[in-house]
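Geometric and topological summary
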Amino acid sequence: SSLDWQAIHAELTGIETITDPQQLTKLSLDYYHFSPILQPQLADKRADLVVRPVNEAQVQQVAQVCVRHKIPLTVRGAGTGNYGQCIPLMGGIVLDTTRMNQILWIKEGVAAVEVGVKMAAFDKQARLQGWELRMYPSTYRTATLGGFIGGGSGGIGSINYGQLRDRGNVYGARVVTLEDHPRILTLRGDEVQQINHAYGTNGIITQLEIPLAPAYPWAEVIVTFGDFLTAARFGQALSDGDGLVKKLVTVCADPIGGYLTALQEFIPPGQSCALLMVAESSLDPLEALVKDYGGTITYQKRAQEAQKGTSLAEFTWNHTTLHARAVDPSLTYLQTFYFDLERVAAMYEQFGDEVMIHLEFLRVAGRAIPAGLQLVRYTTPERLGAIIECHEAQGCAIANPHTYILEDGGRKVIDPLQLAFKEQVDPYGLLNPGKMRAWGEKFDRK
Ligand code: FAD
């Protein structure tokens, strides 16, 4: 490109930079390959340079250099996103946040962190004080809090607290801008919605203030059922059971259990299964509920034991897809709000083995609802599109994981708040260019 990289390097003095081609490849990509649609669109995208600042002052320095030279800047946490959120479409600099990983403080129900802290590492500290994250993705061992807010949606714990987008699930953020003179802004309360799930298109978050949940000793349980719809009804009943303290309610239709290789002995062929995290003190009432639905408990670990090995959480949410694709790479997935079990049953009936149903129960506006991360036997883009349309025609809402465009995934509409904030803090359109449709339509005239 026409950029003067020698001058740029000189201006980045003091900041760790990476130019090794193999490292650039690794640090430019994410888990976009779960989508056969995104694979060819993103495989060859690369940053020219990766920087690893250690503090906010260095972030500001990088922002200044990018504005001065008009270099695209894409923020990256651990790079575990599934839609190419952190893949730089137009090259430039990737800013890796993983060295900004300090926990600033943990108080009663609230904490402040630097964005690069890994969620598992955070929880380990918070639990010493009796607290934990309200929700985390199944990638919590490697994923950063900044990346979760920037590109994630919810996960283990969402059965109690809903999704990141729900008011009250992020309290505050500090953000570095890409103006001529980069500033540091403090956003609080509803203001955080400007940068919440914005793919880093409108500011570099450096610190977050987040609410916490009381930490229970979480037992892990697998229950099997001869029939999927019974398993689904059990999942709904557990989710609705106000007296049962839980953190994770996953239900997988047969034959998904067969893809979870490490759990083979606990999920016999032909069985549908529920993978659960419940408070140890709720194990007795859980057993009674399992009996009501005719299930069989095949696996049960108390919290202390569960903490030693791989958590069941790492077989749920999009880890189910990861394990299934390890066995059969031709599989892909969808993200679906069914809203109720009638729709689950209708889709189960209609698509059979082509769309294998994996349910995650979560709270939406106070109600526990079944959402799906279904495994799809992929054939063609047309067929995938038809499957999506058919779900939507019957009242399901699909958060399409086969697009890297912010608005085309979950929300479907442009967010005027996020666009207005981008106009203010990123007037040159340098942050993660090509991801926000609203900006492209307004400014990137051809
Ligand atoms: P990255 O992928 O690095 O970044 C995500 C987005 O946030 C990018 O657009 C990036 O530009 C932006 N970003 C990162 N840091 C900042 C910052 N400091 N300021 C501004 N923007 C920033 N997601 C879920 O929500 N729930 C799940 O249960 C879940 N399960 C998953 C399972 C598997 C196997 C995989 C591969 C992915 C899963 N994901 C899930 C997606 C992803 O792992 C999570 O959303 C994770 O929290 C992303 O964190 P990260 O650090 O890897 O972010």
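Refer to the preceding data block for the structure.
We now turn to the structure provided with this report.

Procedures and definitions
- Residues numbered from 1 in each chain as written.
- Predicted model: local features only at pLDDT ≥ 70, side-chain atom pairs only at ≥ 80, totals over all residues.
- Heavy atoms only, no water.
- Pairing = 2+ DSSP bridges.
- Helix = DSSP H or I, 4+ residues; strand = E, 2+ residues; numbered from the N terminus.
- Contact = heavy atoms within 4.5 Å.
- Axes fitted to C-alpha atoms, helices over the stretch in contact; angles between N-to-C directions.
- Near = heavy atom within 4 Å.
- Polar contact = N/O pair within 3.5 Å; in protein donor to acceptor, adjacent residues only side chain to side chain.
- Areas by Shrake-Rupley, 256 points an atom, 1.4 Å probe, with all protein chains shown as cover.
- Nonpolar A, V, L, I, M, F, W, Y, C, P; charged D, E, K, R; others polar.
- Buried < 20%, exposed > 50% of the residue type's maximum accessible area, 1.4 Å probe, protein only.
- Arc of directions from axis to C-beta.
- Parallel < 35°, antiparallel > 145°, perpendicular 65-115°, else oblique.
- Left-handed = near helix turned anticlockwise from the far one by under 90°.
- 1 Å grid on protein atoms, 1.4 Å probe; cavity = no way out; pocket = protein on both sides within 12 Å on 5 of 7 lines; lining within 4 Å.
- Points joined across faces, edges and corners; volume = space filled by probe spheres on them.
- Core = buried A, V, L, I, M, F, W, Y, C linked by side-chain atoms within 4.5 Å.

We now examine the sheet that holds strand S15 (residues 331–333). Read across the sheet, three strands follow the order S15-S20-S17 without closing on themselves; strand pairing throughout is antiparallel. Both outer strands of the open sheet, S15 and strand S17 (355–356), are each paired with one neighbouring strand and no more. Here two bridges tie S17 to strand S20 (residues 375–377), and the two strands are oriented antiparallel to one another. Opposite Val355, over in S20, you have Val376 as the bridge partner. Each of S15 and S20 is contacted by helix H11 (residues 318–327), which is oriented at about 170° to S15, the strand it contacts most.

Now for the site of the ligand. By nearness alone, 37 residues border the ligand, and Val75, Gly77, Thr80, Thr144 and Gly154 come closest of all. In the model, an oxygen atom of the ligand is placed 3.4 Å from a nitrogen or oxygen of the Gly151 main chain. Between Gly154 and the ligand, the recorded distance is 2.5 Å, taken from a backbone N or O atom to a nitrogen atom. Notes on the ligand: free accessible area 980 Å², of which the protein chains cover 97%. Elements with a minimum of two residues in the shell around the ligand: strand S3 (73–76), helix H6 (145–151), strand S10 (204–214) and H11. Looking at the shell around the ligand element by element, the count peaks at five residues for H6. Partitioning the shell around the ligand into residue classes produces 14 nonpolar, 22 polar and one charged.

So, on to helix H15 (residues 416–425). Looking only at H15, the buried set comprises Gln418, Leu419, Phe421, Lys422 and Val425. With its buried residues spanning 165° around the axis, H15 presents them on a single face. Against strand S9 (184–188), helix H14 (406–409) and helix H16 (437–443) lie the buried residues of H15.

Before going further, it helps to spend a moment on the packing of helix H8 (residues 228–240) against helix H12 (residues 341–351). Across the interface, H8 lies against H12 with an axial gap of 11 Å and an inter-helix angle of 160°. Here H12 runs roughly antiparallel to H8, going by the angle between their axes. As for the relative orientation of H8 and H12, their crossing is right-handed in sense. Contact residues: H8 offers Phe228, Leu229, Ala232, Arg233 and Gln236, while H12 offers Leu341, Val344, Ala345 and Tyr348. Residues that form the contact of H8 with H12 fall into these classes: seven nonpolar, one polar and one charged.

Taken as a whole, the second largest pocket spans an internal volume of roughly 450 Å³. Forming the walls of the second largest pocket are 19 residues, and the residues nearest its centre are Arg127, Tyr140, Ala306, Gln307 and Ser311. Where the lining of the second largest pocket is concerned, the elements lending two or more residues are helix H5 (119–127), strand S11 (218–225) and helix H10 (303–308).

Turning our attention to the nonpolar core. Counting residues in each nonpolar core, the largest one holds 77 residues, and the members touching the most others are Ile93, Phe122, Ile204 and Leu208. Looking at this core element by element, the count peaks at six residues for helix H4 (residues 56–69). Each residue touching Phe122, except ones within four places of it in the same chain, is listed here: Ile103, Ile106, Ala111, Val113, Val117, Leu133, Ile210 and Leu212. One finds Phe234, Tyr338, Ile357 and Ile387 within the second-largest nonpolar core, a separate group that totals 40 residues.

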